[in-house]
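Tertiary structure, described
One-letter residues, chain by chain:
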Amino acid sequence: MLKVKNLHASVDGKEILRGIDFEVKAGEVHAIMGPNGSGKSTFASVLAGNEKFEVTAGEVEYDGKNLLEMSIEERAREGLFLGFQYPVEIPGVSMANFMKLAVAERRKAQGLEPLTAGQMLKYMREKAAVVELDAKLMNRAVNEGFSGGEKKKNEIFQMAMLEPRLSLLDETDSGLDIDALRIVATGVNKLRSENNATVLITHYQRLLDYIVPDFVHVLYKGRIIYSGGKELALKLEKEGYDWLISDYKE
Amino acid sequence: MSDKRTIILREGCAGCGGEWQVAGGQSLELYQLCSEGTHSVRLSLEAGAHAKVVFAAATEGELSYDYQIELCGEGAEVELYGVFVARGEGRVRVHTEMRHNAPGCHSDQQVRGIAGERGYGLFDGLVYVAPDAQKTEAYQQSRNVLLAPTARIQTQPQLEIYADDVKCSHGATVGQMNEEQIYYMRQRGLSEEDARRLQLGGFMQEIVDKVTDDALREEFERVVGL
Ligand SMILES: Nc1ncnc2c1ncn2[C@@H]1O[C@H](COP(=O)(O)OP(=O)(O)OP(=O)(O)O)[C@@H](O)[C@H]1O
Ligand SMILES: [Mg+2]
């Protein structure tokens, strides 16, 4: 589904991604861990097409297409979803209105009929229930005045609405209390299928107790320096990154 | 029961405006939707009076709004909200004077401007607090968005405060559209054009939503193209 080869990216002339190789197949769950500032969010942003970053080398293939040639919205419409580490507030734009447009674009790309107003309302309520998000929030402006936990749930709600092929969830677990974490994780698990894949960026093993990954990767200074199975996350939780980093020669 | 008056000044009344006094316990709502000409509104409020002013304007011509508001009696309250759009060669000037001459009065002003193409906007707003107008609360906010490098908006907030026990704040910004918001919406599949339209709409909607009457609010929405 996703093949990343030797990806390099910079911002303001400063190289942040320094040769990432990464592959995701349908049905898989990957976790990316790594110290602060190692480039995890940057990697997700580059995959989403954030224009702040310049790709200086490498290739990314997504469902057989050259991802790097697609616009931000084309990637999204083709089912690439990024759950933001810091979801953006959009004053004056209601969630309902925003979702109506987003779902219409996604369905068009999937070759599905547009939803009627009534169907949309029902669909929205159903999906809000998946993450136990108060449906009243749909009448409010996007993320405005949402609590930290509500913002994160709102990301997973939007993921549920858009039925992505590939979800990149950037620290969706950070700032969640234990109940919210369970709700969010249950939501993500409900959305898992043979046809889609999930990449979790996280600092905490506890998320991976709920969403069990097939692979765990360590990103450090813009490269994936180590990959393993789910037991790697446990080891990292106990021992930190030092044992990996001290071995690692730039 | 307070006595409520509503005045609507619509487009087409070039040079319209007027002078109103709001007596104690009364409430005046004044809505202004003009697209050309010079319009001057004077309000004076007695003790405990309330006034709410909402204006909207979108123009490619010349437009000037002038508000002189005097809070003459204790505990009077004024809300003033407005949004303008200057497109093409349009020029919009909004001048406000909020004069707190009595203690314990409250005023809130929020004016938002958008300029595209070679549009020009000017907001100049004075908040005056007289020496004996203690316990005044006066807020003023001017936020502006430029849609093109050739568009221009100037904002000149002025505070003249002669009392010491007051709460006053003012803020003024002129900027481009928020690219983080655009990116977020595009990440959910919206076209760049839709994302920009939605964001700009949201910026104006917050002011337009100050109009509580449904039919009138729809008229406001039409004027600014929401
Ligand atoms: N717009 C930017 N301008 C300059 N530097 C940037 C920019 N965005 C990211 N960086 C830098 O790139 C590096 C990687 O940042 P990134 O946000 O990808 O790290 P991260 O692994 O997600 O960290 P965290 O765990 O703290 O979320 C950091 O040193 C950061 O300061
Ligand atoms: Mg990060």
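Just so it is clear, the model here is predicted, and its values are computed rather than measured. (Residues numbered from 1 in each chain as written. Chains lettered and ligands numbered in written order. Predicted model: local features only at pLDDT ≥ 70, side-chain atom pairs only at ≥ 80, totals over all residues. Heavy atoms only, no water.)

Counting its secondary structure elements, chain A contains 9 helices and 12 strands. Relative to the globule expectation of 18 Å for 250 residues, the C-alpha radius of gyration of chain A, 18 Å, shows essentially globular dimensions. Expressed along its principal axes, the backbone C-alpha trace of chain A runs to roughly 60 × 40 × 35 Å. Looking at the 250 residues of chain A, the share that counts as buried comes to 54%. Here the contacts in chain A between residues at least 6 apart in sequence split such that 70% fall between residues at least 24 apart. Total accessible area computed for chain A in this model is approximately 11300 Å², and 48% of it derives from carbon and sulfur atoms. Of the side-chain charges in chain A, 33 are positive and 38 negative, and the distance between the mean point of each set is 3 Å. (Helix = DSSP H or I, 4+ residues; strand = E, 2+ residues; numbered from the N terminus. Rg over C-alpha atoms; globule rule 2.2 N^0.38 Å. Buried < 20%, exposed > 50% of the residue type's maximum accessible area, 1.4 Å probe, protein only. Contact = heavy atoms within 4.5 Å. Areas by Shrake-Rupley, 256 points an atom, 1.4 Å probe, with all protein chains shown as cover. Lys, Arg positive; Asp, Glu negative; His and termini not counted. Charge placed at Lys NZ, Arg CZ, Asp CG, Glu CD.)

Residues and elements named next belong to chain A. Ligand 1 sits among 16 residues. The nearest are Gly-37, Lys-40, Ser-41, Thr-42 and His-203. In the environment of ligand 1, an oxygen atom lies 3.2 Å from a nitrogen or oxygen atom belonging to the backbone of Ser-38. Within the backbone of Ser-41, a nitrogen or oxygen atom sits 2.8 Å from an oxygen atom of ligand 1. Relative to its unbound accessible area of 640 Å², ligand 1 is 68% covered by the protein chains. Ranked by the residues each element gives to the shell around ligand 1, the list is headed by helix 1 (residues 40-48), at 3 residues. (Near = heavy atom within 4 Å. Polar contact = N/O pair within 3.5 Å; in protein donor to acceptor, adjacent residues only side chain to side chain.)

So, about helix 4 (residues 117-130) of chain A. Residue and element names in this part refer to chain A. The terminal C-alpha atoms of helix 4 lie 20 Å apart, and with 14 residues this matches the ideal 20 Å at 1.5 Å per residue to within 8%. The complete set of buried residues in helix 4 reads Met-120, Tyr-123, Met-124, Lys-127, Ala-128 and Val-130. Down the axis of helix 4, the smallest arc covering the buried residues is 140°, so these residues share one side. Opposite the buried face of helix 4, by more than 90 degrees, sit the exposed residues Lys-122 and Arg-125. Of the surrounding secondary structure, the elements contacted by the buried residues of helix 4 are helix 3 (95-109), helix 5 (148-162) and helix 6 (178-191). (Expected span 1.5 Å × (residues − 1). Arc of directions from axis to C-beta.)

Here the focus is the sheet that holds strand 7 (residues 77-86) of chain B. All names here are of chain B. Here 7 strands make up an open sheet; going across it, the order is 1-3-5-7-9-11-13 and the pairing parallel. A single partner strand is all that each edge strand has here, and the edge strands are strand 1 (3-10) and strand 13 (166-175). The average undirected angle you get between the axes of adjacent strands in this sheet is 5°. Summarising the sheet, strand 5 (residues 50-59) and strand 7 pair through 10 bridges and their orientation is parallel. Along strand 7, the bridge assignment pairs Lys-52 with Glu-79. Along the sheet, helix 2 (residues 192-208) makes contact with strand 5, strand 7, strand 9 (106-115) and strand 11 (136-146), crossing strand 9 at roughly 150°. Contacts between helix 3 (residues 214-224) and the sheet are confined to strand 1, strand 3 (26-33), strand 5 and strand 7, with strand 5 contributing the most and set at about 35° to the helix. (Pairing = 2+ DSSP bridges. Axes fitted to C-alpha atoms, helices over the stretch in contact; angles between N-to-C directions.)

So, on to the side chain of A:His8. Residue and element names in this part refer to chain A. One can find His-8 in strand 1 (residues 2-11). Taking the relative accessible area as the measure of exposure, His-8 reaches 16% and is therefore buried. Looking at His-8, its side chain comes within polar contact range of the side chain of Asn-6, at 3.1 Å. Once residues lying within four places of it in the same chain are set aside, the contact partners of His-8 are Glu-15, Leu-17, Arg-18, Gly-19, Glu-54, Val-55, Thr-56 and Ala-57.

A word on the coordination of the magnesium ion (ligand 2). Residues and elements named next belong to chain A. The protein atoms that coordinate the magnesium ion (ligand 2) are Ser-41 (OG) and Gln-85 (OE1), at distances of 2.0 to 2.3 Å. Placement of Ser-41 in helix 1 and of Gln-85 in the loop between strand 6 (80-83) and strand 7 (90-94) is noted, with a sequence separation of 44 residues between them. Classification of Ser-41 as partly exposed rests on a relative accessible area of 26%. Exposure remark for Gln-85: the relative accessible area of 17% places this residue in the buried category. (Donors = N, O, S within 2.8 Å, 3.2 Å for Na, K, Ca; no water.)

Moving on to the interface of chain A and chain B. Taken together, the 32 residues of chain A in the interface contact 20 residues of chain B. Buried area between chain A and chain B, both sides added, is near 2200 Å², and the carbon and sulfur share of it is 60%. Where chain A packs against chain B, one counts 4 salt bridges. Across the pair A:Glu155 and B:Arg188 runs a salt bridge, and its minimum N-O distance is 3.0 Å. There are 13 residue pairs in polar contact (both at pLDDT 80 or more) connecting chain A and chain B. Elements represented by at least two residues in the side of chain A that touches chain B include exactly helix 1, helix 2 (72-77), strand 6, strand 7, helix 3 and helix 5 of chain A. Its residues assigned to classes, the side of chain A that touches chain B shows 17 nonpolar, 7 polar and 8 charged. (Buried area = accessible area lost by both parts, 1.4 Å probe. Salt bridge = Lys/Arg side-chain N within 4 Å of Asp/Glu carboxyl O. Nonpolar A, V, L, I, M, F, W, Y, C, P; charged D, E, K, R; others polar.)

Residue and element names in this part refer to chain B. Put simply, helix 2 and helix 3 touch, their axes get as near as 10 Å, and they point 145° apart. The handedness of the crossing between helix 2 and helix 3 is right-handed. Facing helix 2, whose interface residues are Met-204, Gln-205 and Val-208, helix 3 presents Arg-217, Phe-220, Glu-221 and Val-224. Grouping the amino acids of the contact of helix 2 with helix 3 by side-chain chemistry returns 4 nonpolar, 1 polar and 2 charged. (Left-handed = near helix turned anticlockwise from the far one by under 90°.)

In this section: the layout of surface pockets. Taken as a whole, the largest pocket encloses approximately 370 Å³ of empty space. Along its surface, the largest pocket is lined by 18 residues, and B:Arg197, B:Leu198, B:Gly201, B:Gly202 and B:Leu226 are the ones closest to its centre. Of all the elements in the fold, those that place two or more residues in the lining of the largest pocket are strand 7 of chain A together with helix 2 and helix 3 of chain B. Per-element tally for the lining of the largest pocket: the top contributor is helix 2 of chain B, with 7 residues. The class makeup of the residues in the lining of the largest pocket is 8 nonpolar, 7 polar and 3 charged. (1 Å grid on protein atoms, 1.4 Å probe; cavity = no way out; pocket = protein on both sides within 12 Å on 5 of 7 lines; lining within 4 Å. Points joined across faces, edges and corners; volume = space filled by probe spheres on them.)

With that settled, consider the packing of helix 5 of chain A against helix 6 of chain A. All names here are of chain A. Running from amino to carboxyl end, helix 5 crosses helix 6 at an angle of 15°, the nearest separation of the two axes being 10 Å. Overall, the two elements helix 5 and helix 6 adopt an arrangement that is roughly parallel. The handedness of the crossing between helix 5 and helix 6 comes out as left-handed. Contact residues: helix 5 offers Lys-153, Ile-156, Met-159 and Ala-160, while helix 6 offers Ala-180, Ile-183, Val-184, Val-188 and Leu-191. A class-by-class count of the residues in the contact of helix 5 with helix 6 yields 8 nonpolar, no polar and 1 charged. (Parallel < 35°, antiparallel > 145°, perpendicular 65-115°, else oblique.)

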